[in-house]
Amino acid sequence: MSETRSDGELLRAIAADGDRRAFEELYRRFAPWLSARLRGRCSDAGIVDDVVQETFLAVWRGTARYREEGDVAGWLWRIGSRRLVDALRGDGARGRLRQTLARLRHRDEASAEERVLAGVEHGDLAGALTRLSPELRAVLQATVIDGLTTREAAVLLGIPPGTVKTRALRARKQLREALA
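What this report covers is the structure whose coordinates are included nearby. The structure presented is a predicted model; accordingly, all values stated were derived computationally and were not measured. (Residues numbered from 1 in each chain as written. Predicted model: local features only at pLDDT ≥ 70, side-chain atom pairs only at ≥ 80, totals over all residues. Heavy atoms only, no water.)

1. Side note on the nonpolar core
Alright, step 1. The biggest cluster of nonpolar side chains holds 38 residues, and the ones touching the most others in it are Leu26, Leu38, Phe56, Val72, Trp75 and Leu84.
Alright, step 2. Secondary-structure elements contributing two or more residues to this core are helix H1 (7–17), helix H2 (20–39), helix H3 (45–61), helix H4 (72–105), helix H7 (134–145), helix H8 (150–157) and helix H9 (161–179).
Alright, step 3. Residues within four places of Val72 in sequence aside, it is in contact with Asp7, Gly8, Leu11, Leu26, Phe30 and Tyr66.
Alright, step 4. Counting residues in hydrophobic clusters, the runner-up holds seven residues, among them Ala128, Leu129, Leu136 and Leu140. (Core = buried A, V, L, I, M, F, W, Y, C linked by side-chain atoms within 4.5 Å. Buried < 20%, exposed > 50% of the residue type's maximum accessible area, 1.4 Å probe, protein only. Helix = DSSP H or I, 4+ residues; strand = E, 2+ residues; numbered from the N terminus. Contact = heavy atoms within 4.5 Å.)

If you want it as structure tokens, here you go:
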């Protein structure tokens, strides 16, 4: 009976020895989760699949290095979300049009992140978050939850960086007022 290796052990084996079995195990553990999470940001399954593959290729090739800080899922999310931004940036207006059409088609369905934001039960935060406009919530989601930079959030949301900053300030102000 084989012992299950930790995520860190798998990454060390991949980096040090090019251990294919360790890589396959890491992929099985995290690829479905990363795909599901990225689908919340991009409706194009082809782009999502490419981004997941590119993320794990970066791990295999050693171009993405885990520094033993934080959890592996968060590290993979940072790699994947940045690669998604790059993919969408390369797709330009066509990608933004697809995103807009997908949002219009599913606008009555809340994403997983929106449900989590709406379900936060610390004081009146849940109510304050639900009262924000979808545009303000989207900026908070991209910059706070996903940890994207202003520039990355701008590309992901298809708006100028200045608009991201303005909406983030407005969202924080509205939350402060609602929670005061």
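2. Here's the deal with the packing of H8 against H9
Alright, step 1. The geometry of H8 relative to H9 is characterised by a closest axis approach of 8 Å and an angle of 105 degrees between their N-to-C directions. In terms of orientation, H8 lies roughly perpendicular with respect to H9. From H8, Thr150, Ala153 and Ala154 reach across to H9, where they touch Pro161, Val164 and Lys165.
Alright, step 2. Residue classes in the contact of H8 with H9 are distributed as four nonpolar, one polar and one charged. (Axes fitted to C-alpha atoms, helices over the stretch in contact; angles between N-to-C directions. Parallel < 35°, antiparallel > 145°, perpendicular 65-115°, else oblique. Nonpolar A, V, L, I, M, F, W, Y, C, P; charged D, E, K, R; others polar.)

3. Some thoughts on H3
Alright, step 1. Its 17 residues give H3 an end-to-end C-alpha distance of 24 Å, which sits within 8% of 24 Å, the value for a rise of 1.5 Å per residue.
Alright, step 2. If you check which residues of H3 are buried, you get Ile47, Val48, Val51, Val52, Thr55, Phe56, Ala58 and Val59. All buried residues of H3 lie within an arc of 165 degrees about the axis, which places them on one face of the element.
Alright, step 3. For H3, the N-terminal capping position is held by Asp44, with its side-chain oxygen 2.9 Å away from the main-chain nitrogen of Gly46.
Alright, step 4. Gly62 sits one or two residues past H3 and shows a positive phi near 85 degrees. (Expected span 1.5 Å × (residues − 1). Arc of directions from axis to C-beta. Polar contact = N/O pair within 3.5 Å; in protein donor to acceptor, adjacent residues only side chain to side chain.)

4. Some points on the packing of aromatic side chains
Alright, step 1. As enumerated under the stated definition, the model contains three aromatic pairs in all.
Alright, step 2. Between the aromatic rings of Tyr27 and Phe56, the centroid separation amounts to 4.9 Å while the plane-to-plane angle is 70 degrees, which identifies the pairing as edge-to-face. Taken together, the residues span a long stretch of sequence, with Tyr27 in helix H2 and Phe56 in helix H3 at a distance of 29 residues.
Alright, step 3. Assessed through its relative accessible area of 1%, Phe56 is described here as buried.
Alright, step 4. Put simply, the rings of Phe23, Tyr27, Phe56 and Trp60 pair up and form one aromatic cluster.
Alright, step 5. Taking NZ or CZ as reference, Arg37 lies 4.1 Å from the ring centre of Trp77, over its face. (Phe/Tyr/Trp six-rings, centres within 6.5 Å; stacked < 30°, edge-to-face > 60°. Lys NZ or Arg CZ within 6 Å of the ring centre and 35° of its normal.)

5. Focus on the environment of Ala142
Alright, step 1. The topology assignment puts Ala142 in helix H7.
Alright, step 2. Relative accessible area serves as the criterion here: at 2%, Ala142 is assigned to the buried category.
Alright, step 3. With 61 residues separating them in the primary sequence, Ala142 and Ser81 have C-alpha atoms 9.9 Å apart.
Alright, step 4. Excluding residues within four positions of it along the chain, Ala142 makes contact with Gly147, Leu148, Ala153 and Leu157.

6. Re the packing of H2 against H3
Alright, step 1. Axis separation between H2 and H3 bottoms out at 10 Å; the angle between their running directions is 145 degrees. Both H2 and H3 take part in a crossing whose hand is right-handed. Note on element contacts: H3 touches H2 through Val48, Asp49, Val51, Val52, Gln53, Thr55, Phe56, Val59 and Trp60, opposite Arg20, Phe23, Leu26, Tyr27, Phe30, Ala31, Leu34, Ser35, Leu38 and Arg39.
Alright, step 2. Taken together, the residues of the contact of H2 with H3 break down into 13 nonpolar, three polar and three charged. (Left-handed = near helix turned anticlockwise from the far one by under 90°.)

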